[in-house]
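Residues per chain, in single letters:
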Amino acid sequence: MVFPHSPGEPGSEPSLAEKAREFADRVARPTTADRDRARQWDPALFAELAGARTGPGLAGPLVPRHLGGGGLSAVQTCALLQGLGEGARDPGLALATAVHAVLATVPLRVFGTARQQQRYLPRMASGQWRGALSLHQTQGAALAPAVTVRSAADGRVLNGELELVAGAPQAHHFLIVADELGGGGRTAFVVDRATAGVRVTETRSEAMRTCPWGRLTLDDCHVPDDAVLGTPRGAATEVEPLLAALDWVFCSAPWLGVMRALTRDAVDHAREHRLFGRPLSHGQSARLTLADMATRCELAAVLLHRAAEQFDGGGRPSQRDAASARLFTARAARTVVEGAAGLAPAGLLTGGDGLIGRAHRDALFLATVGGGDEVLRPVIAASELELG
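In this text, all values refer to a predicted model and were calculated from it rather than measured experimentally. (Residues numbered from 1 in each chain as written. Predicted model: local features only at pLDDT ≥ 70, side-chain atom pairs only at ≥ 80, totals over all residues. Heavy atoms only, no water.)

1. A short note on empty space enclosed by the protein
Moving on, step 1. In the structure shown here, the tally under the stated rule is 2 cavities of 30 Å³ or more.
Moving on, step 2. A volume near 50 Å³ is recorded for the largest cavity.
Moving on, step 3. As for the largest cavity, its lining consists of Leu95, Leu135, Met208, Asp247, Cys251, Trp255, Arg326, Phe365, Leu366 and Val369.
Moving on, step 4. Split into classes, the residues belonging to the lining of the largest cavity amount to 8 nonpolar, no polar and 2 charged.
Moving on, step 5. One number sums up the size of the second largest cavity: a volume of about 30 Å³.
Moving on, step 6. Contributing elements (two or more residues each) for the lining of the second largest cavity: β1 (131-134) and β4 (173-180).
Moving on, step 7. In terms of residue count, the dominant contributor to the lining of the second largest cavity is β4 (3 residues).
Moving on, step 8. Here the residues of the lining of the second largest cavity sort into 6 nonpolar, 2 polar and no charged. (1 Å grid on protein atoms, 1.4 Å probe; cavity = no way out; pocket = protein on both sides within 12 Å on 5 of 7 lines; lining within 4 Å. Points joined across faces, edges and corners; volume = space filled by probe spheres on them. Nonpolar A, V, L, I, M, F, W, Y, C, P; charged D, E, K, R; others polar. Helix = DSSP H or I, 4+ residues; strand = E, 2+ residues; numbered from the N terminus.)

Put into structure tokens, the structure is as follows:
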């Protein structure tokens, strides 16, 4: 069982999404375009989003309440992330938040020892400590591990280099999956940044510019045995499948909000813009485009909601449904962005708050990270063929 749903959990999905949307619209959206141009991560802004009293509590919504978190369900957390995407109109900020709030916390909640949970989760839920991981490590067996581990007299020694580490520059610790030398299998670890042999190099990305990126180098990094997360040599059946499903669902959720923001803008443009003396909304082509955009939003919402519900229902979430939600959302995002661009006045393609250009650029990233079609489609096909 991953996220047991209890009747006492606060809020409902629509109200949570609206709360996050309104808050992000007020505190994040005014600086989104400037932060994107400057490739800037704003720690103060994340602290506001993380604040459970003043903000939507986005640092640890899935962390149990007794460990300082929001104690929300997966469906409710998706609603929060959707609202963040719609209000902030900033895919990079939403990705960085989802990686910390979900991908870095949930494996500790599910597979962590009581000591690990007590040490990390309360500080992560408050936003005091940031967790980070490489998005290459959410693809499971699709990519060969870039880190190796060998046994030592009093612990384990990690070596290797990880790219595309979301949140690396500000991270307190990292979730790492390593290939075991001399015996096979893979093991997951939680490694503090202060550990000897850990080096973080800040990097830049053309996409998701407001998410802080870095390279993690491990050079004879010695960690104690209690840094292991889950069963030694068991990451391939424990942490890695969970990470993949978390990425496919929760890193897609903000895009539902982004698509709805684009669709709402397109409706406004169609009503206000005139073509040959008539409102653009009177044209059949514009109406069909809006219908396609709205339909993509609603279908993505259904797929994401169904996948999120399975985290709450007990047992392992369906890899097929999580992969289907990601595959459809990534394709829908491109369709919605193209529709929005086609209906927008020429000046808004490069002006305004820049959402169309930003979403076009970042939607390409969404379509490739997490494995892209070459990983997602085989997962879905294998399920249909009952190949395990």
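2. Thoughts on the pairing of strand β7 (residues 213-223)
Moving on, step 1. Note that strand β3 (residues 155-166) and β7 share 8 bridges and pair antiparallel. Note on β7: the bridge partner recorded for Leu162 is Leu216.
Moving on, step 2. Across 6 bridges, strand β6 (residues 198-203) lies against β7 in antiparallel orientation. Opposite Thr203, over in β7, you have Trp213 as the bridge partner. (Pairing = 2+ DSSP bridges.)

3. Topic: the nonpolar core
Moving on, step 1. Formed by 110 residues in total, the largest nonpolar core has its most connected members in Leu84, Leu95, Val102, Leu135, Val249, Phe250 and Leu262.
Moving on, step 2. The residues contacting Leu95, other than those within four sequence positions of it, are Leu135, Met208, Cys211, Trp213, Cys251 and Phe365.
Moving on, step 3. Counting 20 residues, the second-largest nonpolar core is a separate cluster that includes Val165, Ala178, Phe189 and Val198. (Core = buried A, V, L, I, M, F, W, Y, C linked by side-chain atoms within 4.5 Å. Buried < 20%, exposed > 50% of the residue type's maximum accessible area, 1.4 Å probe, protein only. Contact = heavy atoms within 4.5 Å.)

4. Comments concerning the environment of Pro378
Moving on, step 1. Position of Pro378 relative to the elements: it lies in helix α14 (residues 373-384).
Moving on, step 2. Each C-alpha atom, one on Pro378 and one on Thr97, is 28 Å from the other, the two residues being 281 residues apart in sequence.

5. Considering the pattern of salt bridges
Moving on, step 1. Overall, the coordinates contain 23 salt bridges when judged by the stated rule.
Moving on, step 2. Close ionic contact of Asp192 with Arg119 constitutes a salt bridge, the shortest N to O distance being 2.4 Å. Taken together, the residues span a long stretch of sequence, with Asp192 in strand β5 (residues 186-192) and Arg119 in helix α7 (residues 114-125) at a distance of 73 residues.
Moving on, step 3. In this structure Asp192 comes out as buried when scored by relative accessible area, which is 16%.
Moving on, step 4. Residue Arg233 is joined to Glu180 by a salt bridge in which the shortest nitrogen-to-oxygen separation is 3.9 Å. Of this pair, Arg233 sits in the loop between β8 (228-229) and α8 (239-250) while Glu180 sits in strand β4, and the two are 53 residues apart along the sequence.
Moving on, step 5. Each of Arg306, Arg320, Asp321 and Glu384 takes part in salt bridges that share partners, so that together they form one network. (Salt bridge = Lys/Arg side-chain N within 4 Å of Asp/Glu carboxyl O.)

6. Concerning the packing of helix α9 (residues 253-272) against helix α13 (residues 355-368)
Moving on, step 1. The N-to-C vectors of α9 and α13 enclose an angle of 145°; their axes lie 12 Å apart at closest approach. Two packed elements cross with a definite hand, and for α9 against α13 that hand is left-handed. In this structure, α9 contributes Trp255, Val258, Ala261, Leu262 and Asp265 to the contact, and α13 contributes Leu355, Ile356, Ala359, Asp362, Ala363 and Leu366.
Moving on, step 2. In terms of residue class, the contact of α9 with α13 is built from 9 nonpolar, no polar and 2 charged. (Axes fitted to C-alpha atoms, helices over the stretch in contact; angles between N-to-C directions. Left-handed = near helix turned anticlockwise from the far one by under 90°.)

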